[in-house]
Amino acid sequence: MDRVSGETDAVVRRLRDGMAGGVLSFPLTSFHDDGSLAPDGFRTHVAERIAAGPGAVFPACGTGEFFSLDEDEYRQVVTITVEEAAGRLPVVAGVGYGWAQAARFARIAEEAGADALLVLPHYLVAAPQDGLVAQLEQLAARTRLPLIAYQRGQVAFTAASLKRIAEIPGVIGLKDGHSDLDRLQRLTLAAPEGFLFFNGAATAEIQARAYATVGVPAYSSAVHAFAPEIAGAFFTALRDGDDKTVERLLREFYVPLVELRDRVPGYAVSLVKSAARLRGCPVGPVRAPLTDPSAADLAELTALLTAGLDLVGAAL
């Protein structure tokens, strides 16, 4: 086995072990009030997320506002995450746009010490299956880091395409954000042994039990970015088969959170950032084109967060 494939196998093992022991954490990127990057605030935030014990950490992805970062800011975010992780858990950095730009971010992530890359959906255009496969082929040829494909929006792989991308050297898994369980079951059945799958639905806990029934128990948790106590309690209850606790948390916290999130485009990120600020995390505002929640929605979020923390014996 050559050096690169040996390293890839090691990353797969670490990710699989991490997925079994905790949620996947997607930290927020900290900004000052003027919109500039706040490296010290981000370092504090990501250190606190890592201390809460996730299975892996994914900086500069959707929740981390990858789309709004320039290359220097991206380098700082990934570097800080790698430094704070200090080898204790895998660091999977987001990359995106077309393959040429994604390769530029991939080089930065590799230089910064990331373990793998999450390939976010490409920019703007719809594409045929051959093009979706070629996107990953082009990027894989330009980085030594393992790749996890992310299907949502205009990216949706067929079972035939899944078989093709799984044969690309370095492509190790798929994160799903479509929540089409029929399609996802076909993909898991088409995949080779050892290929990784992740539940990447927005507020993934809502569908975590359903995803597990088609062989995808691992999930990302936006709630971990602001309330790791709630995220951890849910993960433990789900793992242990404690349906009563799972359903109480869903009914009294997660479902109301999703209903609030769905009111305004972009709330999937800006509500999370607002909740983190309510807990004293120095993450700052979102960058345009996202907007921070209205005063009324922020008040509702505060009440919901307080109630959710109370459910798990924590406080705001």
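Residues numbered from 1 in each chain as written. Predicted model: local features only at pLDDT ≥ 70, side-chain atom pairs only at ≥ 80, totals over all residues. Heavy atoms only, no water.

## Observations concerning a nonpolar patch on the surface
- On the surface, a nonpolar cluster with roughly 360 Å² of combined accessible area is contributed by Tyr123, Leu124 and Val125.
- The class for Leu124 is exposed, based on a relative accessible area of 64%. (Patch = residues over 30% accessible without salt bridge, like charges linked within 9 Å, V, L, I, M, F, W, Y side chains within 5 Å. Areas by Shrake-Rupley, 256 points an atom, 1.4 Å probe, with all protein chains shown as cover. Salt bridge = Lys/Arg side-chain N within 4 Å of Asp/Glu carboxyl O. Buried < 20%, exposed > 50% of the residue type's maximum accessible area, 1.4 Å probe, protein only.)

## Examining the side chain of Thr81
- If you trace the backbone, Thr81 turns up in helix H3 (residues 71–85).
- Judged by its relative accessible area of 0%, Thr81 falls in the buried class.
- Beyond its immediate chain neighbours, meaning those up to four positions away, Thr81 contacts Phe42, Val46, Ile50, Val57, Pro59 and Val91. (Helix = DSSP H or I, 4+ residues; strand = E, 2+ residues; numbered from the N terminus. Contact = heavy atoms within 4.5 Å.)

## Comments concerning the packing of helix H6 (residues 159–166) against helix H7 (residues 181–190)
- H7 packs onto H6 with a crossing angle of 40° between their chain directions and a minimal axis gap of 9 Å. Compared by their axis directions, H6 and H7 come out oblique. Note that H6 runs across H7; the crossing there is right-handed. Only Arg186, Leu187 and Ala190 of H7 make contact with H6, whose side of the interface consists of Ala159, Leu162 and Lys163.
- When the residues that make up the contact of H6 with H7 are grouped by side-chain class, the tally is four nonpolar, no polar and two charged. (Axes fitted to C-alpha atoms, helices over the stretch in contact; angles between N-to-C directions. Parallel < 35°, antiparallel > 145°, perpendicular 65-115°, else oblique. Left-handed = near helix turned anticlockwise from the far one by under 90°. Nonpolar A, V, L, I, M, F, W, Y, C, P; charged D, E, K, R; others polar.)

## A closer look at the sheet that holds strand E5 (residues 147–151)
- Taken in spatial order, the five strands make up an open sheet running E3-E4-E5-E6-E7, and their pairing is parallel. Looking at which strands have only one partner, the edges of the open sheet turn out to be strand E3 (92–95) and strand E7 (196–199). Each adjacent strand pair in this sheet contributes to an overall mean axis angle of 25°, direction not counted.
- Contacts from H7 reach E5, strand E6 (171–176) and E7, with the element oriented near 160° to E7. (Pairing = 2+ DSSP bridges.)

## Observations concerning helix H11 (residues 267–278)
- With twelve residues, H11 extends 15 Å from end C-alpha to end C-alpha; this agrees with the ideal 16 Å at 1.5 Å per step.
- Buried positions along H11 lie against helix H10 (243–261) and helix H12 (295–311).
- Trailing H11 by a residue or two, Gly280 shows a phi angle of about 85°, which is positive. (Expected span 1.5 Å × (residues − 1).)

## Description of the packing of aromatic side chains
- Applying the stated rule across the entire model yields eleven aromatic pairs.
- Measuring from ring centre to ring centre gives 5.3 Å for Phe66 and Tyr97, while their planes differ by 35°; the resulting arrangement is tilted. In this pair, Phe66 sits in the loop between strand E2 (56–57) and H3 while Tyr97 sits in the loop between E3 and helix H4 (99–112), placing the two residues 31 residues apart along the sequence.
- Given the relative accessible area of 3%, Phe66 is considered buried.
- Seen in terms of ring centroids, Phe253 and Tyr254 are 5.0 Å apart; in terms of plane orientation they differ by 80°. Their pairing is edge-to-face.
- By relative accessible area, Tyr254 is classed as buried at 0%.
- Through a chain of ring-to-ring contacts, three or more aromatic side chains come together here, namely Tyr219, Phe234, Phe235, Phe253 and Tyr254.
- Across the ring face of Tyr150, the terminal group of Lys175 is positioned such that the distance to the ring centre comes to 4.3 Å. (Phe/Tyr/Trp six-rings, centres within 6.5 Å; stacked < 30°, edge-to-face > 60°. Lys NZ or Arg CZ within 6 Å of the ring centre and 35° of its normal.)

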